[in-house]
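Remarks on the overall topology
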Amino acid sequence: MRISDPQIANRLAELDVELQRGTALADLTSLGFGGTTDLLRLRKHETIPDLLRLLDSKHIPHKFLGGGSNLLVGDGELPWVVLRLVRPEPDIVLEGNYAHVDAAADLGRTVTFCAKHDLGGMEGLIGVPGTVGGALRMNAGAYGMQIGSYVREVKLYRAAARKIEILRGHQISFEYRHTSFAPDDMMLAVTLELPSKPYKEILQGIRICNEKRRSSQPLGQKSAGCIFKNPPGGSAGRMIDELGLKGLSVGDARVSDRHANFFVNAGHASAKDMLALIADVRERVRKAYGVTLENEVVVWNA
Ligand code: EPU
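Because the structure is a prediction, the values reported are computed rather than measured. (Residues numbered from 1 in each chain as written. Predicted model: local features only at pLDDT ≥ 70, side-chain atom pairs only at ≥ 80, totals over all residues. Heavy atoms only, no water.)

1. Focus on the sheet that holds strand β11 (residues 163-168)
Ordered in space as β6-β7-β14-β10-β11, the five strands form an open sheet in which the pairing is antiparallel. Strands at the two margins of the open sheet, each flanked by one partner only, are β6 (92-95) and β11. Each strand of the sheet is rotated relative to its neighbour by a mean of 15 degrees, with strand direction disregarded. Here β6 runs beside strand β7 (residues 98-102); their pairing, made up of four bridges, is antiparallel. Pairing of glutamate 95 across the sheet is with tyrosine 98, part of β7. (Pairing = 2+ DSSP bridges. Helix = DSSP H or I, 4+ residues; strand = E, 2+ residues; numbered from the N terminus. Axes fitted to C-alpha atoms, helices over the stretch in contact; angles between N-to-C directions.)

2. Here we look at the site of the ligand
The immediate surroundings of the ligand are formed by 20 residues, with Tyr176, Cys226, Asn230, Arg238 and Asp241 found nearest. The separation between an oxygen atom of the ligand and a polar main-chain atom of cysteine 226 is 2.7 Å. Between histidine 259 and the ligand, the recorded distance is 2.9 Å, taken from a side-chain N or O atom to an oxygen atom. When the free accessible area of the ligand is taken as 820 Å², the share hidden by the protein chains comes to 73%. (Near = heavy atom within 4 Å. Polar contact = N/O pair within 3.5 Å; in protein donor to acceptor, adjacent residues only side chain to side chain. Areas by Shrake-Rupley, 256 points an atom, 1.4 Å probe, with all protein chains shown as cover.)

3. Some points on unusual backbone geometry
For the bond from glutamate 89 to proline 90, the omega torsion is 0 degrees, close enough to zero to count as cis. Even without being glycine, aspartate 16 reaches a positive phi, approximately 65 degrees. Locating aspartate 16 in the fold gives a position in the loop between α1 (6-14) and β1 (17-24). Given the relative accessible area of 29%, aspartate 16 is considered partly exposed. (Buried < 20%, exposed > 50% of the residue type's maximum accessible area, 1.4 Å probe, protein only.)

4. Quick word on the sheet that holds β1
Strand order in the open sheet made by the four strands is β1-β2-β5-β3, with mixed pairing throughout. Only two strands of the sheet have a single partner each, and these edge strands are β1 and β3 (62-64). When the angles between neighbouring strand axes are averaged without regard to direction, this sheet yields 30 degrees. Inspection of the sheet shows β1 paired to strand β2 (residues 36-42) by six bridges, in the antiparallel sense. Considered in β2, the bridge of glutamine 20 is made with leucine 39. Relative to the sheet, α1 contacts β1 and β2, its axis offset from that of β1 by approximately 125 degrees. (Contact = heavy atoms within 4.5 Å.)

5. Quick notes on the packing of helix α3 (residues 107-116) against helix α5 (residues 199-216)
For any two helices packed against each other, the geometry comes down to the angle between their axes and how far apart the axes lie. Interaxial distance between α3 and α5 falls to 8 Å at its minimum, and their mutual angle equals 150 degrees. Relative to α5, the element α3 lies roughly antiparallel. Mapping the contact onto sequence places Val111, Ala115 and Lys116 in α3 and Tyr199, Ile202 and Ile206 in α5. Of the residues assigned to the contact of α3 with α5, the class counts are five nonpolar, no polar and one charged. (Parallel < 35°, antiparallel > 145°, perpendicular 65-115°, else oblique. Nonpolar A, V, L, I, M, F, W, Y, C, P; charged D, E, K, R; others polar.)

6. A closer look at the nonpolar core
One finds Leu40, Leu83 and Leu192 to be the most contacted residues of the largest nonpolar core, which totals 57 residues. When near neighbours in sequence (up to four residues on either side) are disregarded, leucine 40 contacts Ile3, Leu12, Val17, Glu18, Leu19, Leu51, Leu55, Val81, Val82, Leu83 and Arg84. Phe33, Ala224, Ala236 and Ala271 belong to the second-largest nonpolar core, a separate cluster that totals 23 residues. (Core = buried A, V, L, I, M, F, W, Y, C linked by side-chain atoms within 4.5 Å.)

Any functional reading would require information that these geometric values do not contain.
Right, dumping it as C-alpha coordinates:
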(Lines give C-alpha, C1' and ligand atoms only; values in the text may rest on other atoms or scores of the structure.)
Protein backbone atom coordinates (compact mmCIF):
# COMPACT_ATOMS: atom_id res chain seq x y z
CA MET A 1 0.00 0.00 0.00
CA ARG A 2 1.32 3.41 -0.92
CA ILE A 3 0.92 6.68 0.95
CA SER A 4 0.51 9.19 -1.83
CA ASP A 5 -1.20 12.08 0.00
CA PRO A 6 1.49 14.76 0.62
CA GLN A 7 -0.38 15.99 3.71
CA ILE A 8 -0.02 12.57 5.33
CA ALA A 9 3.66 12.48 4.38
CA ASN A 10 4.17 15.90 6.02
CA ARG A 11 2.39 14.82 9.18
CA LEU A 12 4.57 11.68 9.33
CA ALA A 13 7.67 13.85 9.20
CA GLU A 14 6.29 15.96 12.08
CA LEU A 15 5.85 12.75 14.10
CA ASP A 16 9.48 11.83 13.43
CA VAL A 17 8.41 8.92 11.26
CA GLU A 18 10.50 8.18 8.18
CA LEU A 19 8.52 7.08 5.15
CA GLN A 20 10.45 4.53 3.11
CA ARG A 21 8.44 4.08 -0.04
CA GLY A 22 8.04 0.82 -1.92
CA THR A 23 10.03 -1.37 0.44
CA ALA A 24 10.50 -5.03 -0.51
CA LEU A 25 9.72 -7.12 2.57
CA ALA A 26 11.82 -9.87 0.98
CA ASP A 27 14.80 -7.84 2.20
CA LEU A 28 13.46 -7.56 5.76
CA THR A 29 12.48 -11.18 6.39
CA SER A 30 14.70 -14.21 6.92
CA LEU A 31 12.72 -16.29 4.40
CA GLY A 32 13.82 -13.86 1.71
CA PHE A 33 10.50 -13.42 -0.10
CA GLY A 34 7.46 -11.23 0.35
CA GLY A 35 5.82 -8.33 -1.46
CA THR A 36 6.22 -4.58 -1.45
CA THR A 37 4.71 -1.77 0.57
CA ASP A 38 5.53 1.53 2.26
CA LEU A 39 7.58 1.17 5.43
CA LEU A 40 7.23 3.64 8.30
CA ARG A 41 10.32 3.83 10.49
CA LEU A 42 9.42 5.07 13.98
CA ARG A 43 12.09 7.07 15.77
CA LYS A 44 10.11 7.99 18.89
CA HIS A 45 7.87 5.85 21.09
CA GLU A 46 5.98 8.94 22.25
CA THR A 47 4.53 9.78 18.83
CA ILE A 48 3.13 6.27 18.20
CA PRO A 49 -0.40 6.99 19.55
CA ASP A 50 -0.66 10.05 17.26
CA LEU A 51 0.71 8.06 14.35
CA LEU A 52 -1.88 5.32 14.80
CA ARG A 53 -4.67 7.86 15.15
CA LEU A 54 -3.50 9.36 11.86
CA LEU A 55 -3.42 5.99 10.08
CA ASP A 56 -6.86 5.08 11.42
CA SER A 57 -8.38 8.39 10.41
CA LYS A 58 -7.03 7.94 6.88
CA HIS A 59 -8.13 4.27 6.75
CA ILE A 60 -4.56 3.04 6.23
CA PRO A 61 -4.20 -0.54 7.53
CA HIS A 62 -0.88 -1.36 9.15
CA LYS A 63 1.21 -4.14 10.65
CA PHE A 64 4.15 -4.07 13.06
CA LEU A 65 7.40 -5.66 11.95
CA GLY A 66 10.13 -6.85 14.30
CA GLY A 67 13.18 -8.74 13.08
CA GLY A 68 11.24 -10.58 10.36
CA SER A 69 12.73 -13.92 11.39
CA ASN A 70 9.49 -15.75 12.19
CA LEU A 71 7.38 -14.27 9.47
CA LEU A 72 5.94 -15.41 6.15
CA VAL A 73 4.83 -12.44 4.03
CA GLY A 74 2.53 -12.71 1.01
CA ASP A 75 3.61 -11.91 -2.54
CA GLY A 76 3.00 -8.80 -4.67
CA GLU A 77 1.71 -5.38 -3.66
CA LEU A 78 0.69 -5.63 0.00
CA PRO A 79 -2.58 -4.04 1.22
CA TRP A 80 -1.14 -2.53 4.41
CA VAL A 81 1.81 -0.37 5.42
CA VAL A 82 4.45 -1.72 7.77
CA LEU A 83 5.62 -0.02 10.97
CA ARG A 84 9.03 -0.70 12.41
CA LEU A 85 10.94 0.78 15.34
CA VAL A 86 14.31 2.37 14.71
CA ARG A 87 16.84 0.96 17.16
CA PRO A 88 18.00 3.66 19.56
CA GLU A 89 21.53 3.99 20.92
CA PRO A 90 22.09 2.64 23.51
CA ASP A 91 19.44 -0.06 23.22
CA ILE A 92 20.37 -1.89 26.44
CA VAL A 93 20.88 -0.24 29.83
CA LEU A 94 21.90 -2.36 32.82
CA GLU A 95 21.01 -1.61 36.42
CA GLY A 96 22.11 -4.33 38.84
CA ASN A 97 20.35 -7.51 37.77
CA TYR A 98 17.94 -5.60 35.54
CA ALA A 99 18.41 -5.12 31.82
CA HIS A 100 16.26 -2.39 30.26
CA VAL A 101 16.10 -3.31 26.60
CA ASP A 102 14.49 -1.58 23.63
CA ALA A 103 12.17 -3.82 21.61
CA ALA A 104 14.24 -3.11 18.49
CA ALA A 105 17.41 -4.51 20.06
CA ASP A 106 18.86 -7.64 18.47
CA LEU A 107 18.11 -10.68 20.65
CA GLY A 108 21.48 -12.41 20.21
CA ARG A 109 23.40 -9.22 20.92
CA THR A 110 21.31 -8.67 24.05
CA VAL A 111 22.18 -12.15 25.31
CA THR A 112 25.91 -11.60 24.75
CA PHE A 113 25.91 -8.03 26.08
CA CYS A 114 24.26 -9.19 29.33
CA ALA A 115 26.63 -12.19 29.50
CA LYS A 116 29.64 -9.87 29.34
CA HIS A 117 28.22 -8.15 32.40
CA ASP A 118 27.81 -11.46 34.25
CA LEU A 119 24.06 -11.70 33.68
CA GLY A 120 22.90 -15.09 32.45
CA GLY A 121 19.75 -17.16 32.08
CA MET A 122 19.16 -16.57 28.39
CA GLU A 123 21.91 -18.81 26.98
CA GLY A 124 19.35 -20.97 25.15
CA LEU A 125 18.22 -18.01 23.06
CA ILE A 126 21.65 -17.30 21.64
CA GLY A 127 21.05 -18.57 18.10
CA VAL A 128 17.48 -17.34 17.82
CA PRO A 129 17.44 -14.58 15.19
CA GLY A 130 15.23 -11.53 15.58
CA THR A 131 14.52 -8.61 17.88
CA VAL A 132 13.81 -8.60 21.59
CA GLY A 133 10.30 -7.28 20.83
CA GLY A 134 9.56 -10.22 18.57
CA ALA A 135 10.95 -12.70 21.09
CA LEU A 136 8.80 -11.13 23.79
CA ARG A 137 5.59 -11.20 21.79
CA MET A 138 6.07 -14.87 20.83
CA ASN A 139 7.66 -15.87 24.15
CA ALA A 140 10.65 -17.25 22.26
CA GLY A 141 12.26 -20.24 23.89
CA ALA A 142 14.81 -22.96 23.32
CA TYR A 143 16.75 -25.57 25.26
CA GLY A 144 14.48 -25.50 28.27
CA MET A 145 14.16 -21.74 28.76
CA GLN A 146 11.82 -19.01 27.56
CA ILE A 147 12.22 -15.25 27.61
CA GLY A 148 8.96 -14.76 29.55
CA SER A 149 10.55 -16.18 32.72
CA TYR A 150 12.76 -13.09 33.00
CA VAL A 151 10.26 -10.36 32.11
CA ARG A 152 9.55 -7.91 34.92
CA GLU A 153 8.05 -5.01 33.01
CA VAL A 154 6.93 -4.29 29.47
CA LYS A 155 6.36 -0.93 27.81
CA LEU A 156 3.93 -1.32 24.95
CA TYR A 157 1.49 0.53 22.74
CA ARG A 158 -1.90 -0.90 23.66
CA ALA A 159 -4.04 -0.69 20.57
CA ALA A 160 -7.32 -1.19 22.48
CA ALA A 161 -6.59 1.72 24.85
CA ARG A 162 -4.80 3.70 22.11
CA LYS A 163 -1.99 4.62 24.45
CA ILE A 164 1.40 3.59 25.73
CA GLU A 165 1.20 1.50 28.91
CA ILE A 166 3.56 -0.25 31.28
CA LEU A 167 2.64 -3.81 32.30
CA ARG A 168 4.26 -5.71 35.16
CA GLY A 169 5.46 -9.24 34.48
CA HIS A 170 2.69 -10.83 36.55
CA GLN A 171 0.04 -9.09 34.41
CA ILE A 172 1.22 -10.97 31.33
CA SER A 173 0.82 -14.68 30.76
CA PHE A 174 3.63 -16.44 28.95
CA GLU A 175 2.88 -19.86 27.52
CA TYR A 176 4.54 -22.07 24.92
CA ARG A 177 5.12 -19.68 21.97
CA HIS A 178 2.15 -17.62 23.10
CA THR A 179 1.53 -14.53 25.25
CA SER A 180 -1.52 -12.65 26.47
CA PHE A 181 -0.64 -9.54 24.41
CA ALA A 182 -3.31 -8.58 21.89
CA PRO A 183 -2.36 -9.11 18.23
CA ASP A 184 -2.28 -5.36 17.61
CA ASP A 185 -0.26 -4.45 20.73
CA MET A 186 3.20 -3.15 19.87
CA MET A 187 6.14 -4.07 22.08
CA LEU A 188 8.32 -1.02 22.81
CA ALA A 189 10.71 -1.97 25.61
CA VAL A 190 11.19 -4.60 28.29
CA THR A 191 12.90 -4.90 31.66
CA LEU A 192 14.43 -8.33 32.26
CA GLU A 193 15.66 -9.54 35.62
CA LEU A 194 18.58 -11.89 35.02
CA PRO A 195 20.48 -14.11 37.42
CA SER A 196 24.12 -13.22 38.19
CA LYS A 197 26.56 -15.74 36.70
CA PRO A 198 30.24 -15.50 35.83
CA TYR A 199 30.79 -14.67 32.14
CA LYS A 200 32.88 -17.80 31.61
CA GLU A 201 30.07 -20.02 32.83
CA ILE A 202 27.50 -18.27 30.63
CA LEU A 203 29.87 -18.56 27.68
CA GLN A 204 30.10 -22.29 28.21
CA GLY A 205 26.28 -22.56 28.12
CA ILE A 206 26.18 -20.41 24.99
CA ARG A 207 28.76 -22.64 23.27
CA ILE A 208 26.78 -25.79 24.09
CA CYS A 209 23.53 -24.31 22.73
CA ASN A 210 25.28 -23.03 19.61
CA GLU A 211 26.73 -26.45 18.98
CA LYS A 212 23.36 -28.21 19.45
CA ARG A 213 21.73 -25.76 17.09
CA ARG A 214 24.46 -26.04 14.45
CA SER A 215 24.20 -29.82 14.46
CA SER A 216 20.40 -30.00 14.17
CA GLN A 217 19.19 -26.90 12.30
CA PRO A 218 19.86 -25.54 8.77
CA LEU A 219 21.43 -22.29 9.99
CA GLY A 220 22.99 -21.12 6.73
CA GLN A 221 19.73 -21.32 4.79
CA LYS A 222 16.83 -18.92 4.45
CA SER A 223 14.10 -20.04 6.84
CA ALA A 224 11.74 -18.79 9.53
CA GLY A 225 12.86 -21.37 12.09
CA CYS A 226 10.26 -23.98 12.95
CA ILE A 227 7.15 -23.76 10.77
CA PHE A 228 4.79 -25.62 13.13
CA LYS A 229 4.38 -25.59 16.89
CA ASN A 230 5.04 -28.90 18.55
CA PRO A 231 1.73 -30.59 19.40
CA PRO A 232 1.28 -31.36 23.12
CA GLY A 233 3.69 -34.15 24.04
CA GLY A 234 4.93 -34.53 20.47
CA SER A 235 7.46 -33.22 17.99
CA ALA A 236 6.40 -31.79 14.65
CA GLY A 237 9.94 -32.25 13.29
CA ARG A 238 10.04 -35.93 14.18
CA MET A 239 6.57 -36.61 12.71
CA ILE A 240 7.43 -34.92 9.39
CA ASP A 241 10.75 -36.73 9.30
CA GLU A 242 9.12 -40.10 10.03
CA LEU A 243 6.84 -39.58 7.04
CA GLY A 244 9.93 -39.24 4.85
CA LEU A 245 9.11 -35.68 3.87
CA LYS A 246 12.59 -34.14 4.12
CA GLY A 247 13.36 -32.63 0.72
CA LEU A 248 9.69 -32.36 -0.28
CA SER A 249 9.34 -29.19 -2.38
CA VAL A 250 6.88 -26.83 -3.97
CA GLY A 251 8.90 -24.65 -6.34
CA ASP A 252 11.90 -23.54 -4.30
CA ALA A 253 10.12 -23.95 -0.95
CA ARG A 254 11.56 -27.09 0.56
CA VAL A 255 11.41 -29.16 3.75
CA SER A 256 14.94 -28.96 5.15
CA ASP A 257 17.10 -32.08 4.90
CA ARG A 258 18.57 -31.24 8.27
CA HIS A 259 15.48 -30.48 10.40
CA ALA A 260 12.06 -31.46 9.08
CA ASN A 261 10.21 -28.62 10.87
CA PHE A 262 12.35 -26.01 9.08
CA PHE A 263 11.10 -25.15 5.60
CA VAL A 264 13.72 -23.31 3.58
CA ASN A 265 13.71 -20.97 0.61
CA ALA A 266 16.20 -22.86 -1.53
CA GLY A 267 16.32 -20.24 -4.29
CA HIS A 268 13.48 -18.07 -5.50
CA ALA A 269 10.55 -19.41 -3.48
CA SER A 270 7.36 -17.36 -3.30
CA ALA A 271 4.89 -17.13 -0.46
CA LYS A 272 2.48 -19.11 -2.62
CA ASP A 273 5.00 -21.98 -2.87
CA MET A 274 5.70 -21.94 0.86
CA LEU A 275 2.01 -21.83 1.82
CA ALA A 276 1.28 -24.73 -0.52
CA LEU A 277 4.11 -26.74 1.03
CA ILE A 278 2.84 -25.97 4.55
CA ALA A 279 -0.71 -27.03 3.61
CA ASP A 280 0.56 -30.23 1.98
CA VAL A 281 2.70 -31.25 4.98
CA ARG A 282 -0.06 -30.36 7.46
CA GLU A 283 -2.49 -32.57 5.54
CA ARG A 284 -0.06 -35.51 5.34
CA VAL A 285 0.59 -35.30 9.10
CA ARG A 286 -3.13 -35.07 9.79
CA LYS A 287 -3.83 -38.17 7.69
CA ALA A 288 -1.01 -40.18 9.23
CA TYR A 289 -1.23 -39.10 12.87
CA GLY A 290 -4.66 -37.49 13.26
CA VAL A 291 -2.94 -34.33 14.51
CA THR A 292 -3.51 -30.93 12.91
CA LEU A 293 -0.29 -28.96 13.28
CA GLU A 294 -0.61 -25.30 14.16
CA ASN A 295 1.60 -22.66 12.56
CA GLU A 296 4.49 -21.42 14.66
CA VAL A 297 5.47 -19.03 11.89
CA VAL A 298 3.39 -15.84 11.69
CA VAL A 299 1.68 -15.45 8.30
CA TRP A 300 0.89 -12.05 6.78
CA ASN A 301 -0.90 -13.04 3.67
CA ALA A 302 -2.57 -10.33 1.67
N1 EPU B 1 13.74 -34.79 15.10
C2 EPU B 1 13.76 -35.72 14.10
N3 EPU B 1 13.89 -35.27 12.82
C4 EPU B 1 14.02 -33.95 12.49
C5 EPU B 1 13.99 -33.00 13.54
C6 EPU B 1 13.84 -33.44 14.85
O7 EPU B 1 13.65 -36.91 14.34
O8 EPU B 1 14.12 -33.66 11.31
C9 EPU B 1 13.64 -35.24 16.48
C10 EPU B 1 14.92 -34.97 17.25
O11 EPU B 1 15.84 -35.99 17.09
C12 EPU B 1 14.43 -34.85 18.67
C13 EPU B 1 13.02 -34.29 18.51
O14 EPU B 1 12.63 -34.52 17.16
O15 EPU B 1 14.34 -36.11 19.27
C16 EPU B 1 12.95 -32.80 18.84
O17 EPU B 1 13.80 -32.09 17.95
P18 EPU B 1 14.64 -30.80 18.40
O19 EPU B 1 15.45 -31.12 19.62
O20 EPU B 1 15.34 -30.29 17.20
O21 EPU B 1 13.57 -29.79 18.91
P22 EPU B 1 12.22 -29.31 18.26
O23 EPU B 1 11.13 -29.69 19.20
O24 EPU B 1 12.08 -29.74 16.84
C25 EPU B 1 12.19 -27.01 19.49
C26 EPU B 1 11.78 -25.65 19.07
C27 EPU B 1 12.94 -24.94 18.40
C28 EPU B 1 14.13 -24.89 19.34
C29 EPU B 1 14.51 -26.32 19.72
C30 EPU B 1 15.62 -26.38 20.74
C31 EPU B 1 9.42 -25.62 18.50
C32 EPU B 1 8.41 -25.70 17.41
N33 EPU B 1 10.69 -25.75 18.12
O34 EPU B 1 12.44 -27.73 18.27
O35 EPU B 1 12.51 -23.62 18.12
O36 EPU B 1 15.22 -24.25 18.73
O37 EPU B 1 13.35 -26.97 20.31
O38 EPU B 1 15.15 -26.08 22.00
O39 EPU B 1 9.05 -25.44 19.65
C40 EPU B 1 11.53 -22.12 16.54
O41 EPU B 1 10.76 -21.79 17.44
O42 EPU B 1 11.48 -21.61 15.41
C43 EPU B 1 12.51 -23.15 16.82
C44 EPU B 1 13.33 -23.58 15.89
